Amino acid sequence: MKSNINLLLAIVILASCSGKVKKVNHPGDSMIHRYEVALFSLDMDNFKAELEQIAPEYRIFLGERYLEPAAVDQLKAFVADQQNREVYQEVMQEYPELNEISQAL
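Residues numbered from 1 in each chain as written. Predicted model: local features only at pLDDT ≥ 70, side-chain atom pairs only at ≥ 80, totals over all residues. Heavy atoms only, no water.

Chemist: Tell me what's going on with the packing of helix H3 (residues 47–54) against helix H5 (residues 69–80), and back it up with residues and numbers.
Modeler: Packing of H3 against H5 brings their axes to within 11 Å, and their N-to-C directions diverge by 95°. Between H3 and H5, the crossing angle belongs to the class labelled roughly perpendicular. Counting all contacts with H3, which are made through Phe 47, Lys 48 and Leu 51, the residues of H5 involved are Val 72, Leu 75, Lys 76 and Val 79. Residue classes in the contact of H3 with H5 are distributed as five nonpolar, no polar and two charged. (Axes fitted to C-alpha atoms, helices over the stretch in contact; angles between N-to-C directions. Helix = DSSP H or I, 4+ residues; strand = E, 2+ residues; numbered from the N terminus. Parallel < 35°, antiparallel > 145°, perpendicular 65-115°, else oblique. Contact = heavy atoms within 4.5 Å. Nonpolar A, V, L, I, M, F, W, Y, C, P; charged D, E, K, R; others polar.)

Listed below in structure tokens is the structure:
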């Protein structure tokens, strides 16, 4: 099952890539915002309130209806899922910081 999730993540990442890459030459302007860190760091007992705090920075991932009860419940279930937490932990072990990637941007 773990390999299915990894395969799914790889497909999503590859599908989101386009052949057109635009290199912007603005040193210091690029910064990687780690949505997964913000999301999996939310306190499960105060999930909705903390979700509201990160929403302005991650609106593109959350959409406009992220505070609707069904959306909050779905996202909370995703974060609470043991398998998703294990994948997150593996990602954090492999990529604890993205400084080199950020500098290359």
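That was the structure; now back to the text.
Chemist: Provide a residue-level description of the environment of Ile 5, including the pertinent values.
Modeler: Mapped onto the elements, Ile 5 comes out in helix H1 (residues 2–16). In the structure, Ile 5 is positioned 79 residues away from Asn 84 in sequence and 8.7 Å away in space, judged by C-alpha atoms. Setting aside anything within four residues of it in sequence, one finds Ile 5 in contact with Gln 83, Asn 84 and Val 87.

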